[in-house]
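Here are the chains, one letter per residue:
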Amino acid sequence: MLEVKNVSKSYQLTLVLKDISFQMAQGECLGLIGGSGSGKSTLAKLILGIAQCDEGEVILNGADFQSLKKGELRRARRHVQAVFQDPSASLNPKLRIWKSIIEPLENYPDAVPPFLIEVKADKRKMAEILLSKVGLQQDLMNRYPHQLSGGQRQRAAIARGISLQPSLLICDEPTSSLDVSIQAQILNLLRELKNEFNMSYLFISHDMAAARYMCNRFAVLKEGSLVDLFSADDLFGVNRHPYTRKLIAAAMES
Ligand SMILES: Nc1ncnc2c1ncn2[C@@H]1O[C@H](COP(=O)(O)OP(=O)(O)OP(=O)(O)O)[C@@H](O)[C@H]1O
Ligand SMILES: [Mg+2]
């Protein structure tokens, strides 16, 4: 489904991603773990097609993002959506919640997914279904983002993220800005949605504990290099990189 091949990226003169390669299969959840500044969000931007690699390729469902023309890139990009740490990043403060949620569907009218196709003609109805998928009350739909709680806002951002039923949902620290009591609810919601829609997740976190709850495979970034790539069964395996061991130990302590 996704292939990242020998990708490098610099900002100014600093190399922030160094020769990164990995693959993801449909339906899988890959945890991308690493400290602050290790390049996780930069990698997410390359996969979303909102930043360009200096070297290497990002291939999604057979399409190489770097070599696509504008129109083709636009079509390919709809298969990847993202949920960010700060839900306000994906919700327009001036739009009512229901409008923000269905915005991707308005941008890609030919890409209405099967679970919304019956109500395709009725945008509010599509928003209602999306709200119900993320456990939000219908009466929130006319509010503005600032009139929701942090957890409700993140649910709305998730509703927007799944609206096109993407192949890949990139979750970049989706619970880091939330109260601890809400974090588990959001992780559970993401897990349910993943199963319902057979999406793949790239789950970005600095927290091994949250990633472990979500993911079947892990990639560990350290200072822009992919130092470890392994399946959940091998979390405590003898081949783990010393840095991975450190992250695991830190997660066990907390
Ligand atoms: N637009 C940019 N221009 C210049 N440097 C950038 C830009 N975006 C990121 N960087 C730098 O690239 C490096 C990697 O940043 P990135 O945001 O990918 O890290 P991260 O792993 O997501 O960190 P965090 O866990 O804090 O979110 C950092 O040193 C950062 O300062
Ligand atoms: Mg980041």
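Described in the following lines is the structure provided in the data block. (Residues numbered from 1 in each chain as written. Chains lettered and ligands numbered in written order. Predicted model: local features only at pLDDT ≥ 70, side-chain atom pairs only at ≥ 80, totals over all residues. Heavy atoms only, no water.)

**Looking at helix α8 (residues 242-253)**
So the rule is basically this: Helical segments are the DSSP runs of H or I of at least four residues, strand segments are the runs of E of at least two, and each set is numbered from the N terminus. Working rule for helices: expected span equals 1.5 Å times residues minus one. The buried label applies to any residue whose accessible area, calculated with a 1.4 Å probe on protein chains only, is under 20% of its type's maximum; exposed applies above 50%, and partly exposed to all values in between. In this description, one arc is meant: the one made by directions from the helix axis to the C-beta atoms. Residues count as neighbours in contact if any of their non-hydrogen atoms are within 4.5 Å of one another.
When the terminal C-alpha atoms of α8 are compared, their 17 Å separation across 12 residues agrees well with the 16 Å that a helix rising 1.5 Å per residue should span. Among the residues of α8, those classed as buried are Tyr243, Thr244, Leu247, Ile248 and Ala251. One side of α8 holds all its buried residues, which, seen down the axis, span an arc of 140°. What points out from α8, more than 90 degrees from its buried face, is the exposed set Pro242, Lys246, Met252 and Glu253. Among the structural elements, β3 (29-34), α7 (208-214), β9 (217-222) and β10 (225-231) are those in contact with the buried residues of α8.

**A few points about the pattern of salt bridges**
Rule in force here: A side-chain nitrogen of Lys or Arg and a carboxyl oxygen of Asp or Glu constitute a salt bridge if their distance falls within 4 Å.
Enumeration over the complete set of coordinates arrives at nine salt bridges. Of the charged contacts in the structure, one is a salt bridge between lysine 99 and glutamate 106, with a shortest N-O distance of 4.0 Å. A residue is classified by how much of its surface remains accessible, and glutamate 106, at 31% relative accessible area, is partly exposed. For glutamate 103, the salt bridge identified is with arginine 160, shortest N-O distance 2.6 Å. Within this pair, whereas glutamate 103 is found in helix α3 (residues 97-107), its partner arginine 160 is found in helix α5 (residues 150-162), the two being separated by 57 residues in sequence. Salt bridges sharing common partners tie together Lys99, Glu106 and Lys123.

**Some points on the environment of isoleucine 158**
Within the secondary structure layout, isoleucine 158 lies in helix α5. Sequence-wise, isoleucine 158 and isoleucine 170 are 12 residues apart; in three dimensions their C-alpha atoms are separated by 11 Å. In this view, isoleucine 158 contacts Val83, Val134, Ile186, Leu189, Leu190 and Leu193; residues no more than four positions away in its chain are not counted.

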